[in-house]
Amino acid sequence: VNYRLTFQPGGGVIADPQELVIYDNQFYDGWGNWSWTPTNENSEEVVYSPTKSIAVDANPWAATMLGNWMLPLNRSDFRTLTCWANGGAVGGQRLTVSANYNWAGTGSSILTDPLPANTWTKLEIPLESLGITDSSLITGLVFANNSSDTLPRYYLDEVHLTTAYPSWIVFVNGSPAPVITSAT
C-alpha cells in the first residue's frame with residue numbers, strides 16, 4: 001500500500017492556542033519570584049519586549065524559580081512552556097529546566113543548548129519532557145545552574161504556558177494513495 005503524507009508544523013495544530021502569562025514585564029496570576037540565586041525581575045538592562053526582563057546572576061547549584069502557591073495549575077490545559085532567554089554579554093550558559101508539581105518536587109528536566117551572547121533565543125519545552133502528566137498541578141518552574149561555577153548574567157522574558165505544541169514538532173498524517181496502473 002502506498003501512502004500520501006501531509007506534514008504540519010506542531011505550533012499550528014491548535015487553531016486558537018491559549019496562553020497563560022507567568023511573566024511579561026511583571027508576574028501575573030499569583031506567580032512570583034521564589035529564586036535561590038540573585039535575580040532582578042524589574043531589569044531594564046536587556047529586554048525582549050519592553051520594558052522589563054528577569055536578570056539572573058546564577059550562583060553555583062542555585063536556581064531561578066517562578067512559583068505559584070496560591071493557584072496550582074492543572075497541566076491538562078497546557079502542552080508547552082515558552083520563554084525567551086538571552087545569554088547577556090558573555091553567553092554560554094546551559095540551564096537545567098524543570099517544573100515543580102503537586103508540591104512534591106520536580107520530575108524530569110531538560111538541559112538547554114548554550115545561550116548565545118547578546119541574542120534572544122526562544123525556548124519551547126513540552127511539559128511532558130518535564131515529567132508533567134495530565135493530572136499534575138504545576139506549582140513552579142525552575143531554571144537551574146547545576147554546576148559548581150557561577151554563570152555569567154543571563155535574562156529571561158515572556159514566560160508563558162500555551163496549549164499549542166512546540167513549533168519544532170511536525171505532525172505526519174498518512175492516507176492511502178490512489179493506485180496508479182499503467183498499460184505499458
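Notes on the structure follow. (Residues numbered from 1 in each chain as written. Predicted model: local features only at pLDDT ≥ 70, side-chain atom pairs only at ≥ 80, totals over all residues. Heavy atoms only, no water.)

**So, the overall build of the protein**
Put simply, the rule is: Only runs of H or I of at least four residues qualify as helices and only runs of E of at least two qualify as strands under DSSP, and these elements are numbered from the N terminus. Partly exposed residues are those whose accessible area sits between 20% and 50% of the maximum for their type, while under 20% is buried and over 50% is exposed, using a 1.4 Å probe and protein chains only. Contacts are residue-level and defined by heavy atoms, with any inter-residue pair within 4.5 Å sufficient. Here the accessible surface of atoms and residues is derived via Shrake-Rupley with a 1.4 Å probe, and residues count as covered only by protein chains that are part of the display.
Each helix and strand in the protein was counted, giving 0 helices and 14 strands. For the protein, the residues scored as buried account for 42% of the 184 residues in total. Counted over contacts in the protein with a minimum sequence separation of 6, partners at least 24 positions apart contribute 79%. Of the roughly 9,500 Å² of accessible surface on the protein, a fraction of 52% belongs to carbon and sulfur atoms.

**A look at the pairing of strand β5 (residues 53–56)**
Basically, it comes down to this: Only strands joined by at least two bridges in the DSSP assignment are considered to pair.
With burial as the criterion, each face of β5 is covered, one bearing Ser53 and Ala55 and the other bearing Ile54 and Val56. Pairing analysis gives 3 bridges linking strand β4 (residues 39–43) to β5, with the strands arranged antiparallel. Bridge pairing links Thr39 to Val56 in β5.

**Considerations on the pattern of salt bridges**
Just so we agree on the cut-off: Think of a salt bridge as a Lys or Arg side-chain nitrogen and an Asp or Glu carboxyl oxygen that are within 4 Å of each other.
Enumeration over the complete set of coordinates arrives at 2 salt bridges. Where Arg153 meets Glu45, a salt bridge forms, and the shortest distance between an N and an O atom there is 2.7 Å. Remark: Glu45 occurs in the loop between β4 and β5 and Arg153 occurs in the loop between β12 (137–144) and β13 (154–162); sequence separation between them is 108 residues. By relative accessible area, Arg153 is classed as partly exposed at 31%. As a salt-bridge pair, Asp57 and Arg153 come within 2.7 Å of each other at their nearest N and O atoms. Taken as a pair, Asp57 in the loop between β5 and β6 (63–67) and Arg153 in the loop between β12 and β13 lie far apart in primary sequence, 96 residues in all.

**A short note on a nonpolar patch on the surface**
Note the threshold: Only residues whose relative accessible area exceeds 30% and that form no salt bridge are eligible for patches; like-charged ones are grouped when within 9 Å, while nonpolar side chains (Val, Leu, Ile, Met, Phe, Trp, Tyr) are grouped when within 5 Å.
A cluster of nonpolar side chains, contributed by Trp34, Trp69 and Met70, occupies part of the molecular surface with about 370 Å² of accessible area. Position of Trp69 among the secondary structure elements: in the loop between β6 and β7 (73–74). Judged by its relative accessible area of 55%, Trp69 falls in the exposed class.

**Some details on the nonpolar core**
To keep things clear, this is the line we draw: Buried Ala, Val, Leu, Ile, Met, Phe, Trp, Tyr and Cys residues that are joined via side-chain atoms within 4.5 Å together make up what is termed a nonpolar core.
One finds Trp31, Leu81, Leu141, Phe143 and Leu161 to be the most contacted residues of the largest nonpolar core, which totals 32 residues. Residue assignment for this core shows that the elements contributing at least two residues are β2 (19–23), β5, β8 (80–86), β9 (96–101), β11 (120–126), β12 and β13. By residue number, the principal contributor to this core is β13, which donates 4 residues. Apart from the residues lying within four places of it in its own chain, the contact partners of Leu81 are Val97, Leu123, Glu124, Ile125, Leu127, Leu141, Phe143, Val159, His160 and Leu161.

**Observations concerning the side chain of Asn68**
Worth spelling out the cut-off: Polar contacts, as counted here, are pairs of nitrogen or oxygen atoms within 3.5 Å of one another; within protein the pair requires one atom able to donate a hydrogen and one able to accept it, and residues that are adjacent in sequence qualify only if both atoms are side-chain atoms.
Mapped onto the fold, Asn68 is located in the loop between β6 and β7. A distance of 3.0 Å separates the side chain of Asn68 from the backbone oxygen of Asp29, its partner in a polar contact.

**Re the packing of aromatic side chains**
Put simply, the rule is: Put simply, two rings from Phe, Tyr or Trp (the six-membered ring, in Trp's case) pair if the centres are within 6.5 Å, and we call them stacked under 30 degrees between planes, edge-to-face over 60, tilted for the rest.
A complete count under the given rule lists 3 aromatic pairs for this structure. A ring pair is formed by Tyr23 and Phe27, whose centres lie 5.1 Å apart and whose planes are at 65 degrees; its orientation type is edge-to-face. Of the two residues examined, Tyr23 and Phe27, each falls in the buried class. These aromatic residues form a ring-pair network of at least three members: Tyr48, Trp84 and Trp120.

**Some thoughts on the side chain of Ser43**
You can see Ser43 is positioned in strand β4. Polar contacts involving the side chain of Ser43 include one to the main-chain amide nitrogen of Glu45, which spans 3.2 Å. Beyond its immediate chain neighbours, meaning those up to four positions away, Ser43 contacts Thr51, Lys52, Ser53, Ala55 and Tyr155.

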